[in-house]
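# Per-entry structural report
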Amino acid sequence: MRIRKYVIAATVAAAATTGPTLTPTATAAVPEPVTSDFNGDGFTDLAVGVPNASVDGRTKAGYVNVVWGGAGGLGAHGNTRVSQARTGVPGTPEQGDRFGAAVTVADVDGDGTADMVIGAPGEDVTGRGTDAGTVAVVKGARGGQGSLGTASTAVNGPSASAAYGKSLAAADFTGDGKTDLAVGATDKVVLRTAAGALSTVFTDHMGGRAPVLTTGDFDAADDTTDLAVAYWAVNAPYTRSHVRLWSWFEDEKQLVNSWNTDNAAASALAAGDFDGDGRDDLALGECREIADENIDDPCGPQEFAKGGGIHIHYGSDTPYSFGSRSQTLNQDTVGVYGRAEDGDRFGASLAVADVNADGRDDLMAGAPGEAIGDRAGAGAATLLLGHAGGLVDAYGEASSVAYNQGTPRVPGAAEAGDAFGAAVATGDYDGDGEADATTGSPGENASTGGVWVLPSASVNNSYTVTPAKLGLPASSTALAYGQTLSSH
């Protein structure tokens, strides 16, 4: 089992523009992402960011809820709340900190146990100002259920409203075998290396949104991990949309922009080997043009943007040719359940796993705006299976499995505004060697929220993990539990 950190005819295009033709320094092979087993018991755990939660009476102070995996899956083995009220975690809970707004998983200290990297973009930092933001690392610890180690601050925002920790990604970007952190902030992405050096990757107007980050080895010229970034803005001060890659160049001692597809806006990114050729591919979720319609179709033919399209740029063994082959699909693609309708937001969340163990990654895609019957925004999720040619086969068709709260054997009932599929994640939570899937439904139960677990990505024996079942305290603000999920 491999778990990765998420048309009538396939569209094959070469719309991408390559960046500078610098020669990177080859280094050791990129390791597989660490499994989010925070206590070393062999079971994948699920980290749920709950930034809207009240802590010690402070509204939207936020916490991360770790739901421990084990035999039988999630929910039966306890859970642990990690907030700034926890002994050893830097800072104190304050109104609007939004601790848990972003969560990612990495082995930061290299001890073989997963650690949590947590963003709190609303953190006020002494001497730096309101909403400067902070990023904390909470170490995992071997020792069974509930075990977590020490915590530390990775980086603080430098000034008011910098909002460091809006988004996060972790990988060995520099090729030294140690984990580095990419941090999304207000109109900025920064790199914090394992050695503690801090540098700006780039700055640009992002319309107040968090930059979307993911990682993968997209450049065939080396074997280091690259950083993928998506962001867009409207009239701030001008309209633009970008998906770009940054790669480490040893001579420059920095991440350098190595590939671009401009005019494409994506709500989610995911890396996986969808065609089984050994090279990472990049999926752009809810891909659409923002900057200027009909320039170069950066998300494939315009008709596939309806309701949200997924555009895939495929890796290549030829240096500097990443993305020269692409495919596009949406809910009007043959083999994809549902129908493309405005507002579906198909691909707004993405997660990757080789669910059927055929050596090709599969893609889980959320559509939180999907209407189920007349229940607007009830939401849905779809599993798209990888083929030899990618997510679309040689006949221009896809293979998929659909899930929503109206699907037989899926618990609950589809209700307007549930937003089922707002977040998706994968992991082997029950330790049976098969990939399970989770999908968040933050609008469930008057926005209290919940998480739906699909063992082996099947509706059979599916179940829910909710704040009530976990015994989480009531909050003065809606928890929206399931809005942010992190595991693999």
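Report follows, based on the coordinates.

Cut-off values and rules
- Residues numbered from 1 in each chain as written.
- Predicted model: local features only at pLDDT ≥ 70, side-chain atom pairs only at ≥ 80, totals over all residues.
- Heavy atoms only, no water.
- Helix = DSSP H or I, 4+ residues; strand = E, 2+ residues; numbered from the N terminus.
- Rg over C-alpha atoms; globule rule 2.2 N^0.38 Å.
- Buried < 20%, exposed > 50% of the residue type's maximum accessible area, 1.4 Å probe, protein only.
- Lys, Arg positive; Asp, Glu negative; His and termini not counted.
- Charge placed at Lys NZ, Arg CZ, Asp CG, Glu CD.
- Contact = heavy atoms within 4.5 Å.
- Pairing = 2+ DSSP bridges.
- Axes fitted to C-alpha atoms, helices over the stretch in contact; angles between N-to-C directions.
- Core = buried A, V, L, I, M, F, W, Y, C linked by side-chain atoms within 4.5 Å.

### What about the overall build of the protein?
- Within the protein, the regular secondary structure consists of 2 helices and 31 strands.
- Taking 23 Å as the expected radius of gyration for a compact globule of 488 residues, we find that the protein reaches 21 Å, a close match to that expectation.
- Dimensions of the protein, computed from the C-alpha atoms along their principal axes, are close to 55 × 55 × 45 Å.
- Counting over 488 residues, the protein shows a buried share of 59%.
- If the 29 positive side-chain charges of the protein are averaged to one point and the 61 negative ones to another, these points end up 6 Å apart.

### Digging into the environment of A380
- Following the sequence through the fold, A380 ends up in strand 25 (residues 380–384).
- Given the relative accessible area of 10%, A380 is considered buried.
- Separated by 27 residues in sequence, A380 and T407 have C-alpha atoms that sit 9.6 Å apart.
- Dropping the residues within four chain positions of it, A380 is found in contact with A365, G366, A367, P368, E370, Y403, N404, F420 and G421.

### Some remarks on the sheet that holds strand 13 (residues 198–203)
- Spatially, 4 strands are ordered 10-11-12-13 in an open sheet, and the strand pairing comes out antiparallel. On the outer flanks of this sheet lie strand 10 (167–171) and strand 13, each paired with one strand and no other. Here the strands of the sheet are splayed against their neighbours by 20 degrees on average, with no regard to which way each runs.
- Relative to strand 12 (residues 188–192), strand 11 (residues 180–185) is paired through 5 bridges, and the arrangement is antiparallel. Counterpart to A185 in the pairing with strand 12 is K188.

### Remarks on the nonpolar core
- With 21 residues, the main nonpolar core has L46, V67, L74, V465 and Y481 as its most contacted residues.
- Looking at this core, the elements with two or more residues in it are strand 3 (46–50), strand 4 (63–67), strand 27 (423–427), strand 29 (451–454) and strand 30 (463–465).
- Ranked by residue count, the leading element in this core is strand 3, at 3 residues.
- Leave out the neighbours within four places in its chain, and L74 touches T44, L46, V67, W68, G69, Y429, T438, V453, Y463 and V465.

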